[in-house]
Structure formats: C-alpha cells, structure tokens
Amino acid sequence: MTVAAIGDLHVSEDSVAPYRDMFAEISRVADVLVLCGDLTNFGKTKEAEILGEDIRTCDIPVLGVLGNHDFECGQPEEVTRILHEAGMTVLDEQAVEIHGVGFAGVEGFMGGYGRGELAAFGEPIAKAFVDEAMKEARKLENALRTIRTERSVAVLHYSPVPDTLEGEPPEIFQYLGAQRLAEPIDRFDHVKAVVHGHAHHGKYEGRTPRGIPVYNVAQFVVKPLFGRPYALLEV
C-alpha cells in the first residue's frame, strides 16, 4: 500500500481551495491519505469547512488526527464533525482497516523524553499534565490492540521519539512530544511505521527504541526533501 502523509496544513479563513490540487495529485499516486494534525490554523469552523471542501474532492480514503492548533477555539468536536461529514475519518481511540492495513491514531501530547520526561509528582496541575500524556498513550494502545492485520500505521500529531525533533531547539523538545507515546507502539509487532507532524524544523526520520520507523511529515520538513509537501510511504 502507498500511503501519502502530511502534517501541519494550517488552513486559514482566507484560504481558497488550498489543498485541492494537491489532493487530486495524491489521489493519483497513493492508496490512502493521512493527515497528521494542525489541519486548521486556529480550530475555527470556517477553516475546517474550507479544508472539508478540499477533502470532498479526494478519490481515496482520508484519515488522520487533530493537532494542538485544532483545539485553539475550544471546539475540537465541531472541527471533527465538519471533517467527518466531508469524508475524513478522524482517529481517536479507534482503529480502521483499509485494504488489509490497520490505522490507529491519537493526537498525543507533550511530556518530554528520557531524563527530561515530566513525572506525575508535586502539584495537582503537574499531575494533571502528566495524566493527559498517559491518557493519550492509553488511547493509542487500546486502538492498536484492536488491530488484527499483519501491518499497521500509527498516526500522531506529537512525536513519540526525540530523533525527529533534531533541528528544533532542545529546550522545547518536551513540548513537541512524549516518550510515553512510543511505549504502546513498541508493544505491537504489526506496527510497521509511525507518522507525526508538529515539529516544523525537525528531522524527517527516526526510530522507536524497538526500531520501528518514525516519520515527521510536517510539510515544512517534507517539502525541502522531496519537492512536495507530502511523504509517500510503502507499507
């Protein structure tokens, strides 16, 4: 299966068919289109509607997750509804199977890596922060557990590894992802690839501790490499 993946579309209210031509191109070269969050600029209804109109023109299945920008206006459920009605499957604690390949995804969250990982200790607000990261990891694990295919792709917005963040200031790594997201991924042999966005200045490829490939498909990372804002993966 050929999977086209792109993150950080950042559709704004004044956009006019911003991805229609690209989606038409992807429909000719890929079997599935995966969107890795920050689909809108501020999570506004108008932004989601503009993207939705472009999604309607796709001739292949479209699925993906929301990103932090899609929560900015406090109405992620409305953004999800609009995109769902346009034909996109918004993943969140459920998995789907397309042509024998499973897809499971969540937005993910912050939290850091290694010695920099925030622990659930001290003030209640710190514990709540860590609990959010752990909740996202549990949701991802629950979705991956339901997959019965031999091959699957994990879809995220935040990165599960620090490798794909190289190029970003090290001081902000903890805000770009969490190693807790890698733990459920490494528990399942059927996971063959992970895609995420969010790190605009990061590196394209990394690996989980168990060696599963992780791809940062933020369009700002992908376009300089391939001359197009989306990555093509063979799964």
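Asks: I'm lost on the side chain of H198 in this one. Help?
Replies: Following the sequence through the fold, H198 ends up in the loop between β8 (191-196) and β9 (205-207). Judged by relative accessible area, H198 falls into the buried class, the value being 13%. In this structure, H198 is in contact with D8, D38, N68, H157, Y158, Y175, L176 and A218, ignoring residues within four places of it in sequence.

Asks: Please explain the pairing of strand β6 (residues 101-105) as it appears in this structure.
Replies: One face of the sheet, then the other: side chains in a regular strand alternate in exactly this way. Among the 5 residues that make up β6, 5 are buried, leaving the element largely enclosed by the rest of the structure. Where burial is concerned, the two faces of β6 agree: the one with V101, F103 and G105 and the one with G102 and A104 are both buried. As paired strands, strand β5 (residues 95-98) and β6 are joined by 4 bridges and run antiparallel to one another. Its bridge partner being in β6, A95 is matched across the sheet by A104. Linking two consecutive strands that pair antiparallel, namely β5 and β6, is a turn of 2 residues; a positive phi of about 50 degrees is found at H99 within it. Remark: the β6/helix α4 (residues 124-145)/strand β7 (residues 151-155) crossover connection has right-handed handedness.

Asks: Is there a simple way to explain the packing of aromatic side chains in this structure?
Replies: This model, assessed by the stated rule, comprises 5 aromatic pairs. Centroid distance F109 to F129: 5.0 Å. Interplanar angle 50 degrees. Geometry classified as tilted. On the criterion of sequence distance, the pair formed by F109 in the loop between β6 and α4 and F129 in helix α4 is long-range, its members being 20 residues apart. Overall, the relative accessible area of 17% leaves F109 in the buried class.

Asks: How should the pattern of salt bridges be read in this particular structure?
Replies: Two side chains bearing opposite charge may form a pair once their charged atoms approach each other closely. Going through the model one piece at a time under the given rule, you end up with 15 salt bridges. Note that R81 is salt-bridged to E78, the shortest N-O span being 2.5 Å. Of this pair, R81 and E78 both sit in helix α3 (residues 76-85), 3 residues apart, which is roughly one turn of that helix. You can call E78 partly exposed: its relative accessible area is 27%. A single salt-bridge network, built from bridges that share partners, covers E78, R81 and E85.

Asks: Explanation requested: the sheet that holds β7 in the structure shown.
Replies: Adjacent strands of a sheet form backbone hydrogen bonds with each other and so pair up, either parallel or antiparallel. The strand order β5-β6-β7-β8-β10-β9 describes an open sheet built from 6 strands, whose pairing is mixed. A single partner strand is all that each edge strand has here, and the edge strands are β5 and β9. Averaged over all pairs of adjacent strands, the angle between strand axes in this sheet comes to 25 degrees, irrespective of strand direction. In this sheet, β7 lies alongside β6 in parallel orientation, the contact comprising 5 bridges. The residue of β7 that forms the bridge with A104 is A154.

Rules used in this analysis
Residues numbered from 1 in each chain as written. Predicted model: local features only at pLDDT ≥ 70, side-chain atom pairs only at ≥ 80, totals over all residues. Heavy atoms only, no water. Helix = DSSP H or I, 4+ residues; strand = E, 2+ residues; numbered from the N terminus. Buried < 20%, exposed > 50% of the residue type's maximum accessible area, 1.4 Å probe, protein only. Contact = heavy atoms within 4.5 Å. Pairing = 2+ DSSP bridges. Right-handed = clockwise from strand over helix to strand, strands pointing away. Phe/Tyr/Trp six-rings, centres within 6.5 Å; stacked < 30°, edge-to-face > 60°. Salt bridge = Lys/Arg side-chain N within 4 Å of Asp/Glu carboxyl O. Axes fitted to C-alpha atoms, helices over the stretch in contact; angles between N-to-C directions.

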